[in-house]
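# Structure assessment
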Amino acid sequence: MPVGHDSATILSFEDARRVVEQQSACVRKNGTETVDLLSAVGRVLAEQIVADRDIPPFPRSTRDGYAVRSADLAMLPATLDVIGEIKAGEKPDRIPSAVNHGQAVSIMTGAPVPAGADAVAMVEYTAEHSAARAAPQNNLVESKLVENKLIKNKRVEVTRSVAPGENVVAQGAEGKKDSTLLVPGLRLNQAAIALAASVGKSRLEVFVRPRVAVLTTGDEIVDLAAEPGPTQIRNSNSFSLAAQIQEAGGEPVLLPIAPDEPGKLRQLIEQALQFDLLLLTGGVSMGRYDFVEQALAEIHAEFFFTGAKIQPGRPVVFGRVPAGDAGYKYFFGLPGNPVSTMVTFELFARPMLEALAGMSPRKLAFLHARLKSDVRVRTGLKRFLPAILSGEFENAEVELVAWQGSGDIAATARANCYIVVPPDREHIATGEWVALLAPGMRV
Ligand code: AMP
Ligand code: MG
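The following refers to the structure shown. What you see is a predicted model; the values in this text were computed from it and never measured.

Once that is clear, we can look at the nonpolar core. In a soluble, globular protein the nonpolar side chains are often hidden away together inside. Counting residues in each nonpolar core, the largest one holds 38 residues, and the members touching the most others are F305, F332 and F348. When residues of this core are assigned to domains, at least three map to each of domain 1 (10–30 + 209–356) and domain 4 (367–437). Sequence-distant contacts of F305, defined by excluding residues within four places in its chain, comprise T9, L11, A16, V19, V20, V316, V317, F318 and F348. Residues L215, V253, L278 and A301 belong to the second largest nonpolar core, which totals 24 residues.

And the structure:
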């Protein structure tokens, strides 16, 4: 149950993640819109995609070779009469109506396997017997006659057997007519786009992207347009968050920088609540000028947690504000240190954003790689430390980047993943397998 602001709740990483997943499962999805197929890449599907005919629509040869009766190849080598040729897209009236015992049909990849044949022998394991005479190029009728004559005379020797069904995809094996191929909630990748194209969908219904308000806080933070004073810091968090929001399927809305002043902060938060989700950065630590939680509490926010046992990102806050008919508006207070902001977005805000975007929930899965050099940390927190995954093929290896802590954007920009260190591990030795958080990785 969510709590008021007075009782701070610090959860383990897993518990905090579970709370976000539970809340995400209850959110109301956005409306839908219809877009061109190519604009649908990366969008979330809002309709069912149904097979408009069997896939494949005919038994499809997956090889160049000879359509045969597999039983004819019990004794090798086998010599068969070649009774025709079928290319991909062959007109139906040119396809032999039956392949009988002792017969074969020359066939190309993607062509329909004729009735009677139950397998395709790959051309690599065959040799044609008759010497082929070239068909004249300029006289169609004569060309056909010659071709037919040649084909009639042709015999093929096959040197390798085939199992029934080998090199043939049966009609409808990949999808029966009217069956559901894709369901709403899928983020459309290239394969899904190809599948939609294959059933003739040139436009797709997708969910409208959720709009995510980004509210950066801090008296020291200045806009990119301004020249920072000696003790001021340029706002980078709004931009890392905007990039992450876009990548996760949302539309970022960058609000003005909020000062460390409860009244103004509250005003901006109220403004931000018109959007689908609110991400605040900074002002959630224990400092004297960290007013975010207070400002949220003043507008009756409920807090699910006000910290997680992680590093970076320990002061992360998750909660909701009652929002009339819309039910609740959710917010995350992300710690202001730039790497903390990035990591906590990835770990906690992303699943909520994906849910608002209409995506079906998915679990966070870590990859694994071998450690290239020792890791030594203090126990007690689950750590997500910027690292470089390198190596090649099956020999991926990973090592920490040298960094100055969770404010070090430069080190993080050199990294391509985070090593996940369990809270009870003080030392992980070179060569051990470690878990990795690879942002944006989909499973
Ligand atoms: P806070 O969480 O507000 O205590 O901030 C922690 C650290 O992150 C401080 O060093 C801030 O200056 C820095 N920081 C906070 N917000 C931003 C931002 N938008 N861009 C860059 N650095 C920030
Ligand atoms: Mg601050």
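Turning our eyes to something else, we now look at the sheet that holds strand β5 (residues 65–68). One open sheet holds the six strands; their spatial order is β8-β5-β7-β6-β10-β9, and the pairing between them is mixed. Looking at the sheet topology across the chains shown, the edges are occupied by β8 (119–122) and β9 (126–128). Neighbour-to-neighbour, the strand axes of the sheet open up by a mean angle of 40°, direction not taken into account. Sheet topology places strand β6 (residues 78–86) next to strand β7 (residues 103–107); four bridges connect them, and they run parallel.

Before going further, it helps to examine the site of ligand 1. What surrounds ligand 1 is a group of 15 residues, the closest being E220, N235, S236, G283 and G336. For ligand 1, a nitrogen atom lies 2.9 Å from a polar atom in the side chain of N235. Here a nitrogen atom of ligand 1 sits 3.0 Å away from a polar atom, N or O, in the main chain of S236. Protein chains shield 79% of the accessible area of ligand 1, which is 480 Å² for the free molecule. A majority-of-atoms criterion places ligand 1 in the largest pocket. Here the shell around ligand 1 is composed, by residue class, of three nonpolar, nine polar and three charged.

Parameters at a glance
- Residues numbered from 1 in each chain as written.
- Chains lettered and ligands numbered in written order.
- Predicted model: local features only at pLDDT ≥ 70, side-chain atom pairs only at ≥ 80, totals over all residues.
- Heavy atoms only, no water.
- Core = buried A, V, L, I, M, F, W, Y, C linked by side-chain atoms within 4.5 Å.
- Buried < 20%, exposed > 50% of the residue type's maximum accessible area, 1.4 Å probe, protein only.
- Domains from an automatic or database assignment.
- Contact = heavy atoms within 4.5 Å.
- Pairing = 2+ DSSP bridges.
- Helix = DSSP H or I, 4+ residues; strand = E, 2+ residues; numbered from the N terminus.
- Axes fitted to C-alpha atoms, helices over the stretch in contact; angles between N-to-C directions.
- Near = heavy atom within 4 Å.
- Polar contact = N/O pair within 3.5 Å; in protein donor to acceptor, adjacent residues only side chain to side chain.
- Areas by Shrake-Rupley, 256 points an atom, 1.4 Å probe, with all protein chains shown as cover.
- 1 Å grid on protein atoms, 1.4 Å probe; cavity = no way out; pocket = protein on both sides within 12 Å on 5 of 7 lines; lining within 4 Å.
- Sits in = over half its atoms within 2 Å of the grid points.
- Nonpolar A, V, L, I, M, F, W, Y, C, P; charged D, E, K, R; others polar.

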